[in-house]
Every structure is written in structure tokens, then in C-alpha cells.
Amino acid sequence: MRPTISQLRSWNPDGITGAGESAQQGAGVLDLAATTVAVATQIPSHWHGMTKDAASYRVRQETDHVEEVRNVLQQVADEAKDAGTDLSHARAVALREVDAAIGAGFTVTDTGQVSHRSASRAREAATIAAAIDRALTFIDDTDETYGARLDDLRADLAAMIDGQPPVTIPGMGTVDADEAVRRLQAMTIEERRTLLERLSPTDIRRLVQADPRVLGNLDGVPFEQRGIANEINVRNALAAEIRVNGDDSPRARTLRDMLGQKNTTAAAAHDSPIGQADPDDMQAERTIIAFDNTRLGRSIEMVGPLGRGTRNAAVFIPGTGTNLDSVGGSNRTVAWNLAKRTDGPVFTYLDGDLPQEIVRTEPLQSIPRLFGGLGPGIAGLPGHLADAVDESAVDPHFAADMAPRLKSFGQALDAELDAVAPGATTTYIGHSYGGSVLGTAEQLGLRADNVIYASSAGTGVLDGPWHNPAENVRRYSFTAPGDFMEYLQGVPFGPHGADPDEVPGVVHLEMGTWGDGTRPITGPNGHGAYWDDPESTPFRNTVEIIRGNHPDTPPNPAPPIPERPTPELPTPRSILEPLIPRPLIPGPPGRSGSGPTSPEDVPFTP
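Residues numbered from 1 in each chain as written. Predicted model: local features only at pLDDT ≥ 70, side-chain atom pairs only at ≥ 80, totals over all residues. Heavy atoms only, no water.

A. Seen up close, the environment of Tyr433. In this fold, Tyr433 is placed in helix 16 (residues 433-444). What makes Tyr433 buried here is its relative accessible area of 1%. For the pair formed by Tyr433 and Val394, sequence separation is 39 residues and the distance between their alpha carbons is 9.0 Å. (Helix = DSSP H or I, 4+ residues; strand = E, 2+ residues; numbered from the N terminus. Buried < 20%, exposed > 50% of the residue type's maximum accessible area, 1.4 Å probe, protein only.)

B. Structural detail: unusual backbone geometry. A positive phi angle, close to 55 degrees, is found at Asp343, a residue other than glycine. Within the secondary structure layout, Asp343 lies in the loop between helix 11 (324-342) and strand 10 (346-350). Residue Asp343 is classed as exposed on the basis of its relative accessible area of 56%. Of note, the phi angle at Ser455 is positive, near 50 degrees, even though the residue is not glycine. A relative accessible area of 0% means that Ser455 is categorised as buried.

C. Here's a closer look at the sheet that holds strand 14 (residues 506-508). Spatially, eight strands are ordered 7-8-10-9-11-12-13-14 in an open sheet, and the strand pairing comes out mixed. Unpaired on one side and paired on the other, strand 7 (287-292) and strand 14 mark the two borders of the sheet. Across the sheet, the mean angle from the axis of one strand to that of its neighbour is 15 degrees, orientation sign disregarded. Across five bridges, strand 8 (residues 298-303) lies against strand 10 in antiparallel orientation. The residue of strand 10 that forms the bridge with Met302 is Phe347. Each of strand 7, strand 8 and strand 10 is contacted by helix 9 (residues 223-245), which is oriented at about 50 degrees to strand 7, the strand it contacts most. (Pairing = 2+ DSSP bridges. Axes fitted to C-alpha atoms, helices over the stretch in contact; angles between N-to-C directions. Contact = heavy atoms within 4.5 Å.)

D. The arrangement of helix 16 in detail. Spanning twelve residues, helix 16 covers 17 Å between terminal C-alpha atoms, matching the ideal 16 Å at 1.5 Å per step. Burial of helix 16 is extensive: eleven of the twelve residues sit out of reach of the surface. For helix 16, every residue scored as buried is listed here: Tyr433, Gly434, Gly435, Ser436, Val437, Leu438, Gly439, Thr440, Ala441, Glu442 and Gln443. On its buried face, helix 16 is in contact with strand 9 (312-317), helix 15 (397-420), strand 11 (425-431), strand 12 (450-454) and strand 13 (474-478). (Expected span 1.5 Å × (residues − 1).)

E. Structural context of the environment of Asp325. Considering the arrangement of structural elements, one finds Asp325 in helix 11. Put simply, Asp325 and Gly297 are 28 residues apart on the chain and 7.6 Å apart in space, counted from C-alpha to C-alpha. Ignoring sequence-local partners within four residues, the contact set of Asp325 consists of Pro250, Arg251 and Thr254. Looking at Asp325, its side chain comes within polar contact range of the side chain of Thr254, at 2.6 Å. (Polar contact = N/O pair within 3.5 Å; in protein donor to acceptor, adjacent residues only side chain to side chain.)

Worth remembering: the numbers are spatial, not functional.
Structure, rendered in C-alpha cells:
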């Protein structure tokens, strides 16, 4: 409904937000009740026989039904809260324009017409009237959009009073929603995508409501539906977290933040002059393409819009120490800044566990105690060193585990781009340990137009070459002089493969300078702080690569550096050398200085 100015002043969008909160509380009550009944059915050890089996079967059926109702209530909560946020902001923008105009001496009618007693200000009056009209139109459109969505969900609830209705699948007929999800899981990404594009909106909603955990993480499901499914998943995870650990636990704060709205990449200044404000200039929902509430947490988030005009998309794979509670901070900021400058979406990729420490320190702290006697010390040393490496950034199993999923997500991204933005290019950026994940995915056959190894641990943990099927793939790498990673890349028999800065066919870009244009990027701070400086040479080079401009040399080269600085962060050698006999530790390999290499795709074996 398009309101008048007087109606708009009396509106209270907070009431819509409150209704959403009530729906979310109702979903939590249902979830807790179903869980309590299911547990109670299984506890009595003295109850056996056909009655117990029949009761258990019935409880499973009802639990499945309750979970589906809960999922719809969570959707109602999400739509109502978002409607409250969007309408509150648009209302504030419209009334700010009206009040500013009145304060400046203009007359504003109840329907938004603007005039001034001085004819010389007629053009200004028209500009203000246009801004008010945009705001009122946006309010009307937003009201209609959310109203239609909530009406669909109301119909879904009414239809599932006696159980979840079946869905109609082309070529399969009428199928139970849970069975349809199982069949989708057995399909290829291409088959899945093709089938889902033929379903009605109602049947798509029913599949999501039946099993959002599967639909939200299944490659080949359109990203819009994955985002909707993961809104449900995050809300369900938040309810469970609050029950167990309280409303203010670190994970609860993370999950609540994932459900909030963030500034869009096209956000306008809030202090825009009169007549220039835009009602949709502030915030948008976060789009979560994958989510799993494990101990470290897993997610893929799309930052920035994807639409018909999109010409490029990028995937950012972060490094050691990243988990669900940290990826939404600085890593999301990196993605936001890249998306802002490339006019395309950037995906923060955390669909797997990354190591949380460079080297585990607890086993190392006990090494001195081994050397009370030389023999026992040497005998016990290998086990302690192995413990220090296990589950650390030296451990290759994280990359081996994540890489197949990255390759699969790459196929899903290609399918999404083919459907939504044909011709858009893809760029994958692996930072630090994320470079090892990326290199391993390339060994498995990840398709990418551009690949960037940024301060990368290596080229991949598997034996054999890269198998990227893109015909004209371009690869780039850069590592700051004095970055501790420089002394670990390409170590003989190292777990992460070759040094990407020295691989034939990879264009090695010099680091250049920080955003001030004078200070060279060197030393430990050069390992990743450049991601926080959008004007730094590596950041600007990354933007150019994503946009397809392919720099061969940095646009802002660093001043000459007389000699390679000594790393200030502790290296494995500096940690272990004081503790064990010197002959047991070889010195860190040097790295010959290298300039840009030929971009030709020369075969190699990492």
C-alpha cells in the first residue's frame, strides 16, 4: 500500500518486527517440545516390543512434521523482521525528506507534492518531490513484496495441518517432499539444477521446508533457495545455542550477526543532501550459500549482488585461524571491499575446517624436559614434533578435506553464473593456507578463469599437476619479502607442494607499496595486512585481475630494497633450534629473487 504522509507518520513498523519475534519464539517452543518427546521415548530401557516400536515410529513421523512447521515459522520470523527493518528505514528516509523540505520553506502535501512560493525554486521543489516519490514507491513495493511472501507462508502452514503436502516433480509425478530431497541428492549438479528450475515456487518452498540442511548445502540448488534454506538453518542453530549456552555466547553472537542486515556495496552516505536520499541505500540481508554449525563452523557467504549485469565473480579462501566466529569480521570486510570495486559478488569460502594454529605450542613446551638425558630425549623427540605438527598449519589434511568441496562449489558457481549472468568470469583467491586448499582443488580439476596465490602456503598437497579445465586460465602469485611464508614455500618434501612464486606459467607480481604509495610491503605484516588496505598494490592488482585487466607488473612498484629483511615472526627453525641438537634441523631454504614470469600455461608438477 502506498501511504500518505500522515499515514506514514502513524505507522509503527516495530510491530511487524515484534510479530516476527513471536514467530521465532513459537518455532523454539515447538522444537524443544519435539526434542523432549523424542528423547523421552528412547530413555525407558524396560520398554520393548511392538508398542514401543509403533510409538517410536509415530514419534519420528510427528517430529518430522513438527520440524517442518518449525521451519515455516522461522521463515515467517525472517520475513517479518526483514520487513520491519526495511520499512522502518524507508519510512525514516521519506519523513526526513519531508521534514527537511518543510524546514527549508517548501510546502509538502499529504500525497508528496512539493512547491515553493518562489518560482526560482521550482526545479529544487521537483527534485525533492522526486525523492519523496521514490521513497513512497519503495515503501509500496516493499509492503507488497513482503505481504506476498508472508501470505505464501500462511498458505504453507494451512496446507501442512495434517502433514507436509507432496510435491510434483516433472518425470516423477507426485512425490513425498523428503523422498524428493533424497532423489535430488543422488543427482549430478547439472541434473539437480535443471530439475529444480522446472519446479513451481510452491514446490520449491516445500522442499526447502522439508529439509533445509540438505537444500542449503547442496551444490546445484540455485543460490536464492540455498540462501533461504540457510536462513532457516541459522535460526534453528541460534535457538539450539541459546538453549545450551545462553543468549550471549560467542556462537550466539555470531549466528545473530549472520541474520542481521549489512550495508550493501552500493550504500549511499546517510548525510546525503536534501532530495538525494534513497530508501534502499542502506542494508541488505546477508546471503549464506552454505552453513553447518560444527565446532569451528562452516559457511560460504555471497557478499555483493549477483544479477544479469554481473560480469565477474570471485571466491576468497582465507587461511589459518579462520572459523565461523571470525570469518564474518575482517574476511567479510575484504570481500565487501573487493565486491565494491569489482561490481561483482565475492564469496568467502569456509566450507570446511582450517587449522587454527601455525604450529601447536603445547607439545613444543614439553621438549626441554626430554633432554634430562640425551638418549631418552632423542627417542621422545619425534612424537612431540609430530604432535606439534598435527592439526597445525603444517598439517595437509585440512586442504585435502576442503579441496573436493571447493571443486564442487566451483561447478555450482559456474552453473549459477550460466543461468543468471552468462559470460561472467570467475577468480579464485587463496590466501596463506587457503592457497594450499586452492592448489589442491586445481589438482582435482577446479575450473577457474583466474587464480591468485596470495602469500600462499603452496601449490597443493596432492601429487601431480594442476588440472584446471579452463582453456586460458591465468595464474598469479605474490609474497612479501620477509613474510615468514617466504621461508616455508617450496621446502623440499614439504606438505603443501611447490612455491607458487617460482612455478613456470604463474605470473609473479611484486608486492609494491601500502596505500600511501611510498612504503614497501615487507616483513611479517606483509603476510595479510594488505587485505585491510584497499589502496595497496596487491589489493588493487587483485581488483584488476577480477575485472579482467590482467596486470603483468604492479601499477605502483615498491622502491628498491637493498637486501631481504630477516623475518620477525618465529619460524619452525627459530622455535625448535634452541631445544634440540643443531644437526637435526636443516636451515630454511633460500629463495632466489624472481621477477614476472611468462603467463603461458607451462605444464609443471607441484
